[in-house]
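# Observations on the three-dimensional arrangement
Residues per chain are reported as follows:
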Amino acid sequence: MKVAIVAESFLPEMNGVTHSLLKILQHLDARGDQVLVIAPSTLENAPCVVEGATVRRLPAVPLAGYRNIRIAVGGVARVKTLLAEFNPDVVHLASPFVLGWRAVRGAAALGIPSVAVYQTDVPGYAARYGMPFLENWAWQRVERIHTAATKTLVPSTDSLQKLRGHGIPRIELWRRGVDTERFHPEKRSAVFRQKVAPQGQKIIGYVGRLALEKQVEDLAVLASIPDTQLVIVGDGPQREYLEQILPNAYFTGFLGGEELASAMASFDLFVHPGELETFCQTIQEAMACGVPVVATGRGGPVDLVDSSRTGWLYAPGDLLQLRDYVLDLMGDEAKRTAFGAAAFHQVQGRSWHVVCEQLMDIYSQAIADHPRLPAALKGIR
């Protein structure tokens with residue numbers, strides 16, 4: 001196939017969208033497919049070929065408060081021209097909102113089928129960042145994009161129900177894979193544990209961006225639990241603030257590759273307080289490391305955490321319950337070990353190869369459901 005991927009964010013910015021796109025690109029490259037990535041420009045020198053795919057950049061400006069997150073500017077015409085030149089069989093819209101809105105219109109004008117992957121709760125972000133007046137407008141944009149797409153993919157049942165509630169048609173569930181070789185209990189590191197918890201404390205870990213929507217400040221309720229060390233892995237605009245309100249936490253900064261896998265496997269418990277997760281890949285990675293999870297009972301974590309078997313889900317906003325669940329597992333090594341083993345076994349078989357093969361089938365279905373217009377009728381030749 002020829003696949004055009006239109007991404008709201010891409011390398012060098014690493015986030016959940018970029019991570020899943022890299023796995024998809026690796027899969028397409030292994031198949032021998034021809035791929036074009038259209039993404040916002042970056043201030044840094046970024047590769048023009050990634051995993052065999054050609055990357056074309058569009059002019060972009062930084063998002064206020066997020067210097068590394070850039071928003072593509074311009075109209076539909078430029079995106080439409082790039083798509084027409086490449087003439088793909090299908091257009092993959094990764095977490096579409098700004099650039100994706102132009103791309104779905106360009107693809108429709110060219111008669112090219114599109115698969116829109118809902119991956120970021122932008123309306124929820126607007127409310128969280130104190131701009132509730134933008135929430136309705138954001139939902140209108142989401143509705144228009146996904147209604148125009150040939151197919152919409154969502155990562156969790158919560159997202160499925162949410163989008164159906166907004167009248168969006170043609171929705172399918174498509175989850176994320178996890179690298180069970182990279183994230184594995186054998187990666188547990190005595191060196192890492194000695195570095196972050198030199199008194200031999202049990203480690204409560206969080207991994208993710210340090211941003212307002214992740215609600216990392218909620219973890220302050222865990223600060224006084226005896227014989228534990230809170231470890232925060234990640235970076236972002238809230239880091240300085242979080243270091244002030246969590247003075248006893250150990251901040252590692254951003255970790256990637258084997259460093260991240262080793263840190264994750266070295267936790268005794270993984271916590272995630274964010275309520276706006278459409279999936280939450282880091283929960284799967286912790287589970288693959290045999291680490292039990294305590295997370296908020298909203299969004300993507302509801303599908304991932306089997307409460308009372310692989311971890312606990314606490315009522316959103318109930319920080320006393322969060323603390324109680326952490327105390328429960330920190331104080332009972334046998335239960336914590338059993339939950340970790342159950343978590344490990346639950347994610348086996350969720351390889352990226354399996355979920356990417358599912359995506360290839362979805363591409364084929366979209367192409368079959370959306371017959372191409374002859375090139376002459378599209379006016380591109």
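Quick notes on the rules
Residues numbered from 1 in each chain as written. Predicted model: local features only at pLDDT ≥ 70, side-chain atom pairs only at ≥ 80, totals over all residues. Heavy atoms only, no water. Core = buried A, V, L, I, M, F, W, Y, C linked by side-chain atoms within 4.5 Å. Buried < 20%, exposed > 50% of the residue type's maximum accessible area, 1.4 Å probe, protein only. Helix = DSSP H or I, 4+ residues; strand = E, 2+ residues; numbered from the N terminus. Contact = heavy atoms within 4.5 Å. Pairing = 2+ DSSP bridges. Axes fitted to C-alpha atoms, helices over the stretch in contact; angles between N-to-C directions. Phe/Tyr/Trp six-rings, centres within 6.5 Å; stacked < 30°, edge-to-face > 60°. Patch = residues over 30% accessible without salt bridge, like charges linked within 9 Å, V, L, I, M, F, W, Y side chains within 5 Å. Areas by Shrake-Rupley, 256 points an atom, 1.4 Å probe, with all protein chains shown as cover. Salt bridge = Lys/Arg side-chain N within 4 Å of Asp/Glu carboxyl O. pLDDT = per-residue confidence, 0-100. Right-handed = clockwise from strand over helix to strand, strands pointing away. Arc of directions from axis to C-beta.

## Description of the nonpolar core
Counting 32 residues, the largest nonpolar core has Met264, Phe267, Phe270, Ile283 and Val293 as its most contacted members. Of all the elements in the fold, those that place two or more residues in this core are α7 (190-196), β11 (202-207), β12 (228-233), α9 (257-265), α10 (281-288), β15 (293-296) and α13 (333-347). Element by element, the count of residues in this core is highest for α9, at five residues. With sequence-adjacent residues up to four places away left out, Val293 is seen in contact with Leu269, Phe270, Ile283, Ala286, Met287, Val305, Thr310, Gly311 and Trp312. Core analysis: the second largest hydrophobic core is formed by 31 residues, Phe10, Val35, Ala39 and Val50 among them.

## Concerning the sheet that holds strand β16 (residues 311-314)
If you trace the six strands from one edge of the open sheet to the other, you get β13-β12-β11-β14-β15-β16, paired in parallel fashion. Either end of the sheet is taken by a strand with one partner, and the two such strands are β13 (250-253) and β16. Strand after strand, the sheet turns through a mean of 20° between neighbouring axes, direction not considered. Where strand β14 (residues 269-272) and β15 come together, three bridges link them in parallel fashion. Bridge pairing in β15 places His272 opposite Ala295.

## Focus on the packing of aromatic side chains
In the structure shown here, the tally under the stated rule is three aromatic pairs. Taking 4.6 Å as the distance between ring centres and 5° as the angle between the ring planes, the aromatic pair formed by Trp312 and Tyr325 counts as stacked. Here Tyr325 lies in helix α12 (residues 319-330) and Trp312 lies in strand β16, a separation of 13 residues in the sequence. Classification of Tyr325 as buried rests on a relative accessible area of 18%. Centroid distance Trp312 to Phe339: 5.8 Å. Interplanar angle 55°. Geometry classified as tilted. Taken together, the positions of Trp312 in strand β16 and Phe339 in helix α13 put the pair 27 residues apart, joining distant regions of the chain. Judged by its relative accessible area of 16%, Trp312 falls in the buried class. Counting every residue linked through ring pairs, the aromatic cluster contains Trp312, Tyr325 and Phe339.

## Focus on a nonpolar patch on the surface
Together, Tyr129, Met131 and Phe133 make up an exposed nonpolar region whose accessible area comes to about 300 Å². As for its position among the elements, Phe133 is in the loop between α4 (122-128) and α5 (135-148). On the basis of relative accessible area, Phe133 is assigned to the exposed category, the value being 63%.

## A closer look at the environment of Val142
By the secondary structure assignment, Val142 is in helix α5. In this structure, Val142 is in contact with Phe97, Tyr118, Pro123 and Ile168, ignoring residues within four places of it in sequence.

## Here we look at the confidence of the model for the protein
Confidence in the prediction for the protein averages 93 pLDDT; 95% of positions are at 70 or higher. In this model residues 374-381 is a low-confidence stretch, pLDDT under 50, and it forms 11 contacts with partners more than four residues away in sequence or in other chains.

## A few points about the pairing of β15
This β-α-β element, β14 to α10 to β15, shows right-handed connectivity. Direction of pairing for β15 relative to β16: parallel, over a ladder of four bridges. Paired with Ala295 across the bridge in β16 is Leu313.

## Some points on the pattern of salt bridges
Under the criterion given, the structure shown has 18 salt bridges. A cluster of three or more residues bridged by salt bridges with shared partners is formed by Asp121, Asp158 and Lys162.

## Observations regarding helix α2 (residues 76-86)
The complete set of buried residues in α2 reads Val79, Leu82, Leu83 and Phe86. Taken end-on, α2 shows its buried residues confined to a sector of 95°, consistent with a single buried face. Along α2, exposed side chains directed more than 90 degrees from the buried face belong to Ala77 and Glu85. Directly beyond the C-terminal end of α2, a positive phi value near 55° is found at Asn87.

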